[in-house]
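Take a look at the letters that make up each chain.
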Amino acid sequence: MLKQSRVFAEHEQVGELIMDSNDLEREKGITILAKNTSVRYRGVKLNIIDTPGHADFGGEVERVLGMADGCLLLVDAAEGPMPQTRVVLKQALALGLRPIIVVNKIDRTNARPDETVEAVHDLLLELATDSEQLDAPVVYTNGREGTATLDLRVAGTTLEPLLDTVLTHVPPPVADPDGPLQLLVSALDHDSYRGRMAIGRVVRGVIAPGMPVVLCAADGVSARQRIGQVLVVEALERLPVESAAAGEIVIVTGLADVAIGDTIADADTPEALPRLEVGEPTLRMQFSVNQSPFSGREAKQSSTSRQLRARLERELLTNVALRVADGPTADIFEVSGRGELHLAILIETMRREGYEFEVSRPAVITREVDGHRVEPVEECLIDCGADHVGAVTEALGSRGAQLHSMRTDAGGGVRLTYVAPTRALIGLRSLLLTLTRGTGVMATRLLGWERWRVLPRSARSGVLTASQDGVAVAYGLLGLQERGQPFVGPGVAVYEGMIVGLNRRPGDLAVNVTKQKQKTNIRSSTEDQTVKLVPPRHMSLEESLDFIEDDELVEVTPAALRLRKRTLRADARIKERKRQQQPG
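Residues numbered from 1 in each chain as written. Predicted model: local features only at pLDDT ≥ 70, side-chain atom pairs only at ≥ 80, totals over all residues. Heavy atoms only, no water.

Trainee: Would you mind showing me how to read the packing of helix α3 (residues 83-94) against helix α4 (residues 113-127) here?
Mentor: For any two helices packed against each other, the geometry is given by the interaxial angle and the distance between the axes. Put simply, α3 and α4 touch, their axes get as near as 10 Å, and they point 45° apart. Taken as axis vectors, α3 and α4 run oblique relative to one another. In the packing of α3 onto α4, the handedness of the crossing is right-handed. Across from T85, R86, L89, K90 and L93 in α3, the residues of α4 making contact are L123, L124, E126 and L127. Its residues assigned to classes, the contact of α3 with α4 shows five nonpolar, one polar and three charged. (Axes fitted to C-alpha atoms, helices over the stretch in contact; angles between N-to-C directions. Helix = DSSP H or I, 4+ residues; strand = E, 2+ residues; numbered from the N terminus. Parallel < 35°, antiparallel > 145°, perpendicular 65-115°, else oblique. Left-handed = near helix turned anticlockwise from the far one by under 90°. Contact = heavy atoms within 4.5 Å. Nonpolar A, V, L, I, M, F, W, Y, C, P; charged D, E, K, R; others polar.)

Okay, here's the thing in structure tokens:
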């Protein structure tokens, strides 16, 4: 849509992922942050909001949907509606938005557009809140080629059929430009020169630079302030304007204390709009100051408790689905989010910014309902090849997940639908990629809360920990690989209590990976044979979070991810274990 609106010069190389500008978004191939842009078509300005589809980032969707007057429901012609499609569509329909069904990737060899449209209509019948929402037009597109058609028998040449459908079916904004100003802040941004910037749609009145306003916040009405600049989005640029009327999405500067959910109102008529309602988190982790012997070696930012608190509080300004609370000590923070990926993205972002810290294994957030302990339960949908079904079902079954349905397609693909507690799905995404050789696709959505039940115990063996500080060498690692799988290679610095491998047997074992071969004057033809080491296992952040137990931590630094015991000394761990086993 941006390319065909001729907003780029002929010589510009803009690529394919224009809106996914974040490095993590490009690496993972998903939208993480909601963003807005605009195109002009037939003399009409169309503001477009790109929202994430992953259920873990539902908070991004919830905070920006209030700025929209309609929605394009983008569905893959081969995959059909996914669990996150239901999550996002339900939120949009609850706000009264009229959808336009866009069936994309009709050029795929296993595309089934007719079945996809039928499945979407079934979804609309289930979720629609207004009969007008059921009369949704259908547009078939090939996003890679930039074509759209209303009839599969007629090949598309441009995206004009889609843009014409938007002009016809999306109503103009219902707004009062003559009343006193009202603007609901839906997002925040920051600029080195302009400071904090508030993004939202003008619901009523006109906003202009220098205008006196007040902030209607959660704790009351602020003192009078003045608007700095007012900017609007034209394609991918932010341009200052003299004024903006009701219905326009604007970016406002000059308000230092503004927060998401606040209402920017006329100073003489401070009327607040309903604040944004965001769903509750389901997972909790502990972020703590790095206490390892390598603390401070690799950090590029000061990572004291004060600096970590400031960084997490800054994240709260824009990440509305996140919660941060004080932990049991001053160095620990309880961070709660929508899911494992939601928290992993925060950890990776902070790591790339130069912070170092330690995180614990994710734990589900439980509630008390009618005297019973309840936990979040999710629907898990997995697409994989038929030859990987056995491995996938074995992995899910060992975690206590229940298979609800299995469907095959003409291309040899299988769709498995499971229902399982959230804690059973922690770390499953990375395991699925391993089991399916990178071809499996997983999507989840929160179903609700059910009574806590006992799940099968993890089959993980014990770990091998370093017994001394130093640098791992080949001779020491040779003794390690005889006992289990190594996590480090030669030349890697280690410290006592750091996890350096996976034991073949239950129970933890301390090994000396820094042990050098004794040098003597005696030589033989067989003693000095070349040492052959197996390649170490390198785990991603998600795999590390799933691997560790409650008495272990992941040390996160800009240069490395390390696994360690909470208590580094082996004799201290033995004393703790004996103390816990004593009755009373």
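Trainee: Before we go on, may I ask you to explain the pairing of strand β18 (residues 283-289) in this structure?
Mentor: Within a regular beta strand, the side chains point alternately toward one face of the sheet and then the other, so they alternate between its two faces. Taking burial as the measure, the seven residues of β18 include six buried ones, the bulk of the element. Sheet analysis places β18 next to strand β20 (residues 332-337), joined by six bridges and oriented antiparallel. Its bridge partner being in β20, R284 is matched across the sheet by S336. In this structure, β18 lies alongside strand β22 (residues 363-364), joined through two bridges in antiparallel fashion. (Buried < 20%, exposed > 50% of the residue type's maximum accessible area, 1.4 Å probe, protein only. Pairing = 2+ DSSP bridges.)

Trainee: Before we go on, may I ask you to explain the pattern of salt bridges in this structure?
Mentor: Where side chains of opposite charge bring their charged atoms close, a pairing between them can arise. Tallying each qualifying case throughout the model produces 29 salt bridges. Residue D69 pairs with R201 through a salt bridge whose shortest N-O separation is 2.8 Å. Pair noted here: D69 is in the loop between α2 (58-64) and β3 (70-76) and R201 is in strand β8 (residues 195-204), with a separation of 132 residues, a long-range link. The buried category is assigned to R201, whose relative accessible area is 12%. Between E271 and R204 there is a salt bridge; the shortest N-O distance is 2.9 Å. Within this pair, whereas E271 is found in the loop between β17 (263-266) and β18, its partner R204 is found in strand β8, the two being separated by 67 residues in sequence. Accessibility expressed as a relative area gives 16% for R204, which makes it buried. A network of salt bridges, in which partner residues are shared, links R40, K45, E234 and E248. (Salt bridge = Lys/Arg side-chain N within 4 Å of Asp/Glu carboxyl O.)

Trainee: Looking at this model, I keep getting lost on the packing of helix α6 (residues 305-318) against helix α7 (residues 340-352). Mind explaining?
Mentor: At their nearest, the axes of α6 and α7 sit 12 Å apart, and the two run at 125° to each other. Between α6 and α7, the interaxial angle falls into the category oblique. In the crossing of α6 with α7, the sense of the turn from one axis to the other is right-handed. Mapping the contact onto sequence places L308, R311, L312 and E315 in α6 and L346, T349 and M350 in α7.

Trainee: How should the sheet that holds strand β32 (residues 499-503) be read in this particular structure?
Mentor: Working definition: the strands of a sheet are paired by backbone hydrogen bonds and lie parallel or antiparallel to each other. Strands sit in the order β30-β32-β28-β33 across an open sheet of four strands; the sheet is mixed. Looking at which strands have only one partner, the edges of the open sheet turn out to be β30 (484-486) and β33 (509-511). When strand polarity is set aside, the average angle formed by the axes of neighbouring strands in this sheet is 35°. With respect to the sheet, helix α10 (residues 474-481) is in contact with β28 (463-466), β30, β32 and β33, its orientation differing from that of β30 by roughly 145°.

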